[in-house]
Amino acid sequence: MILFFISFLLTLALTFLLVKKPLVTANPSSRGMHETPKPTSGGLAILLSISISSIFLSIDTHFLLLLSFISLIGLLDDIYNISKLTRILSQLILPVLLLYNLPIELSGYTLIIYFLIIIAMTYLVNAFNFMDGIDTIVVNQSIFILLSLYLLSLEIMPINSHIESITLLSLFSILGFGVLNLSPAKIFLGNIGSYLIGFIISY
């Protein structure tokens, strides 16, 4: 548990650094709450915290590679505003790469399940991306979902230690970011953060 608390402090410190030295700035938009430019790409702090903390936990390398992949797409989108086609293709490739690591059974039922997983993961990544820009909404939703999954895992649906570590590590890291995302927010997640959280929860 101490390591998870350290990930909270590490994310908080990295987020504070991104507030003081913004990597990207978000301008006001019709679906956001802010009226002045705000630092964004705060999800980078979460990614770095999870990556550093994972050294001391049994986090699957395949998960970390996919997390880094979708985060890189999000960061490039924050900085260069990449095309919609590139975004959607990368989001579709992500669940395919995840499923590639699983044994493929070429039955009609299994293929339907795999197809639904691809659609669901793409949907979640975009759903969290749509919510970013409104103070604390992505953080609150993420904390609720991750905490619910963890509490359910204690009695109702046991999970392996790998998934439990990812759940708690993500929860504490997002909490660390959330301190500076409280209204009025000092920083937003950016595409890197919303893509990252959407992937973690769907994973």
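Higher on the page you've got the structure.
These numbers were taken from a predicted model, which means no experiment stands behind them. (Residues numbered from 1 in each chain as written. Predicted model: local features only at pLDDT ≥ 70, side-chain atom pairs only at ≥ 80, totals over all residues. Heavy atoms only, no water.)

Trainee: Honestly, the pattern of salt bridges in this entry has me stumped. Any pointers?
Mentor: It is possible for side chains bearing opposite charge to pair when their charged atoms get close. What the rule picks out here adds up to one salt bridge. Across the salt bridge formed by Arg87 and Asp77, the nearest N and O atoms sit 3.4 Å from each other. Of the two residues, Arg87 is situated in helix H4 (residues 84–100) and Asp77 in helix H3 (residues 61–80); the sequence distance between them amounts to 10 residues. In this structure Arg87 comes out as buried when scored by relative accessible area, which is 18%. (Salt bridge = Lys/Arg side-chain N within 4 Å of Asp/Glu carboxyl O. Helix = DSSP H or I, 4+ residues; strand = E, 2+ residues; numbered from the N terminus. Buried < 20%, exposed > 50% of the residue type's maximum accessible area, 1.4 Å probe, protein only.)

Trainee: Help me understand the nonpolar core, please; the structure alone is not making it clear to me.
Mentor: For soluble globular proteins, nonpolar side chains are generally found buried alongside one another. In terms of nonpolar packing, the biggest core is built from 46 residues, with Ile46, Phe63, Leu67, Ile197 and Phe199 touching the most fellow members. Among the elements of the structure, helix H1 (2–20), helix H2 (43–53), H3, H4, helix H5 (108–131), helix H6 (137–155), helix H7 (161–178) and helix H8 (190–202) are those that each provide at least two residues to this core. Setting aside residues up to four positions removed in sequence, Leu67 forms contacts with Leu47, Ile50, Leu196, Phe199 and Ile200. (Core = buried A, V, L, I, M, F, W, Y, C linked by side-chain atoms within 4.5 Å. Contact = heavy atoms within 4.5 Å.)

Trainee: Is there a simple way to think about H8 in this case?
Mentor: Quick reminder: α-helices carry 3.6 residues per turn. Residues three or four places apart thus point the same way. For H8, with 13 residues, the first-to-last C-alpha span of 18 Å sits near the 18 Å given by 1.5 Å per residue. Counting buried residues in H8 gives 12 out of 13 residues, a clear majority hidden from the surface. Listed as buried for H8 are Gly190, Asn191, Ile192, Gly193, Ser194, Tyr195, Leu196, Ile197, Gly198, Phe199, Ile200 and Ile201. (Expected span 1.5 Å × (residues − 1).)

Trainee: It is not clear to me how the packing of H2 against H7 should be interpreted in this structure. Could you clarify?
Mentor: The description of two helices packed together rests on the angle between their axes and the distance between the axes. Relative to each other, H2 and H7 sit at 140°, their axes nearing to 9 Å. One way to sum up the angle between H2 and H7 is to call them oblique. Considering only the axes of H2 and H7, their crossing is right-handed. Of the residues in H7, those touching H2 at Ile46, Ser49, Ile50 and Ser53 are Leu169, Ser170, Ser173, Ile174 and Phe177. Considered class by class, the residues forming the contact of H2 with H7 number five nonpolar, four polar and no charged. (Axes fitted to C-alpha atoms, helices over the stretch in contact; angles between N-to-C directions. Parallel < 35°, antiparallel > 145°, perpendicular 65-115°, else oblique. Left-handed = near helix turned anticlockwise from the far one by under 90°. Nonpolar A, V, L, I, M, F, W, Y, C, P; charged D, E, K, R; others polar.)

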